[in-house]
There are 2 protein chains.
Amino acid sequence: MTEAPENTVFVGNKPVMNYVLAVVTQFNNGQKSVNLEARGRAISRAVDVAEIVRNRFLNDLKVGAIEISTEELTSKENEKVNVSTVKIPLNK
Amino acid sequence: MTEAPENTVFVGNKPVMNYVLAVVTQFNNGQKSVNLEARGRAISRAVDVAEIVRNRFLNDLKVGAIEISTEELTSKENEKVNVSTVKIPLNK
């Protein structure tokens with residue numbers, strides 16, 4: 001993934017609420033849209049983050065067109081590995 | 001989730017290729033669209049299934065508008081639990 005624009009939150013393996021807080025903070029600081037991005041098993045967590053933000057914090061939030069794709073990574077053993085990715089646009 | 005229509009594949013905890021096979025079989029049997037549905041941690045696997053089917057088996061496959069939502073389930077301890085769900089429409 002190239003250099004991320006400011007309004008992108010990469011979801012990894014931290015607790016869900018870390019990312020929920022990051023998203024809510026961005027909207028409170030005036031962002032009109034925030035993109036959640038994740039790979040592999042963190043994709044489920046990214047969906048959790050989107051759902052928690054919109055159900056418990058920002059009820060008027062809209063989920064844009066969700067994109068899925070595949071990225072080719074190089075593993076530690078120098079092998080090519082395909083991993084799924086997701087991008088979830090959240091818009092006020 | 002109510003009674004599933006015939007062209008729905010629920011992704012759970014089985015190996016990814018089980019679901020890839022189920023989807024490819026449906027299209028080979030003449031279905032024009034197949035919906036992948038999953039909950040919780042299986043959401044990542046559902047995205048894997050969609051990506052493997054379209055990258056390795058049916059290159060002309062289109063991914064429709066992906067929907068995410070939250071379902072309230074009752075746990076074994078009779079507690080209300082929210083779980084994220086995803087629906088990934090695959091269209092020929």
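Read on for a plain summary of the structure.

About the criteria used
Residues numbered from 1 in each chain as written. Chains lettered and ligands numbered in written order. Predicted model: local features only at pLDDT ≥ 70, side-chain atom pairs only at ≥ 80, totals over all residues. Heavy atoms only, no water. Axes fitted to C-alpha atoms, helices over the stretch in contact; angles between N-to-C directions. Helix = DSSP H or I, 4+ residues; strand = E, 2+ residues; numbered from the N terminus. Parallel < 35°, antiparallel > 145°, perpendicular 65-115°, else oblique. Left-handed = near helix turned anticlockwise from the far one by under 90°. Contact = heavy atoms within 4.5 Å. Nonpolar A, V, L, I, M, F, W, Y, C, P; charged D, E, K, R; others polar. Salt bridge = Lys/Arg side-chain N within 4 Å of Asp/Glu carboxyl O. Buried < 20%, exposed > 50% of the residue type's maximum accessible area, 1.4 Å probe, protein only. Buried area = accessible area lost by both parts, 1.4 Å probe. Polar contact = N/O pair within 3.5 Å; in protein donor to acceptor, adjacent residues only side chain to side chain. Pairing = 2+ DSSP bridges. Core = buried A, V, L, I, M, F, W, Y, C linked by side-chain atoms within 4.5 Å.

Another aspect to go through is the packing of helix H1 (residues 16-28) of chain A against helix H2 (residues 42-57) of chain A. Residues and elements named next belong to chain A. It is at 9 Å that the axes of H1 and H2 come closest, and there the two elements cross at 55 degrees. In terms of their interaxial angle, H1 and H2 are classed as oblique. Two packed elements cross with a definite hand, and for H1 against H2 that hand is right-handed. Packed against H1, whose contacting residues are Val16, Met17, Tyr19, Val20, Val23 and Val24, the element H2 presents Arg45, Asp48, Val49, Ile52, Val53 and Phe57 at the interface. Here the residues of the contact of H1 with H2 are counted per class, giving ten nonpolar, no polar and two charged.

With that out of the way, let us pick up the packing of H2 of chain A against helix H2 (residues 42-57) of chain B. In the contact formed by H2 of chain A and H2 of chain B, the axes pass within 6 Å of each other and the chain directions differ by 115 degrees. At the point where H2 of chain A passes H2 of chain B, the crossing takes the right-handed sense. Contact residues: Ala42, Ile43, Ser44 and Val47 of chain A in H2 of chain A; Ala42, Ile43, Ser44 and Val47 of chain B in H2 of chain B. Classifying every residue of the contact of H2 of chain A with H2 of chain B by side-chain character gives six nonpolar, two polar and no charged.

Turning next to the pattern of salt bridges. A side chain with one charge may pair with a side chain of the opposite charge, provided their charged atoms come close. Residues and elements named next belong to chain A. Summed over the entire model, instances satisfying the criterion amount to four salt bridges over all chains. Notably, a salt bridge pairs Glu71 with Arg39, separated by 3.3 Å at the nearest N-O pair. Separated by 32 residues along the polypeptide, Glu71 in strand E4 (residues 67-74) and Arg39 in strand E2 (residues 33-39) bring together distant segments of the chain. Arg39 sits in the partly exposed class, given a relative accessible area of 32%. For Arg54, the salt bridge is made with Glu51, and the minimal N-O distance between the two is 2.7 Å. On the criterion of helical spacing, the pair formed by Arg54 and Glu51 is a turn pair, its members being three residues apart in helix H2.

The interface is formed by 19 residues belonging to chain A together with 19 residues belonging to chain B. Summed over both sides, the interface of chain A with chain B buries roughly 1,400 Å², with 57% coming from carbon and sulfur. The largest contributions to the chain A side of the interface with chain B come from Ser44, Ile66 and Ile68 of chain A, which together make up 40% of the buried area. If you look at where chain A meets chain B, you find zero salt bridges. At the boundary of chain A and chain B, one finds 13 residue pairs in polar contact (both at pLDDT 80 or more). Among the elements of the structure, H2, E4 and strand E5 (80-91) of chain A are those that each provide at least two residues to the side of chain A that touches chain B. It is H2 of chain A that provides the largest number of residues to the side of chain A that touches chain B, a total of nine residues.

Our next topic: the environment of Asn78 of chain A. Checked against the element boundaries, Asn78 of chain A lands in the loop between E4 and E5. Note: C-alpha distance between Asn78 of chain A and Arg41 of chain A (37 residues apart in sequence) is 21 Å.

The next subject is the pairing of E5 of chain A. Residue and element names in this part refer to chain A. As defined by bridge partners, E2 adjoins E5 across seven bridges and the pair is classed as antiparallel. Along E5, the bridge assignment pairs Ala38 with Val86. Where E4 lies against E5, eight bridges are found, and the strand directions are antiparallel. Across the sheet, residue Thr70 finds its bridge partner in E5, namely Ser84.

Formed by 50 residues in total, the largest nonpolar core has its most connected members in Val23, Leu36 and Ile88 of chain A together with Val23, Leu36 and Ile88 of chain B. With sequence-adjacent residues up to four places away left out, Ile88 of chain B is seen in contact with Ile68 of chain A together with Val34, Asn35, Leu36, Ala46, Val47, Ala50, Val63 and Ile66 of chain B.

In this section: unusual backbone geometry. We note that Asn78 of chain A has phi near 60 degrees; this positive angle belongs to a residue other than glycine. A residue is classified by how much of its surface remains accessible, and Asn78 of chain A, at 63% relative accessible area, is exposed.

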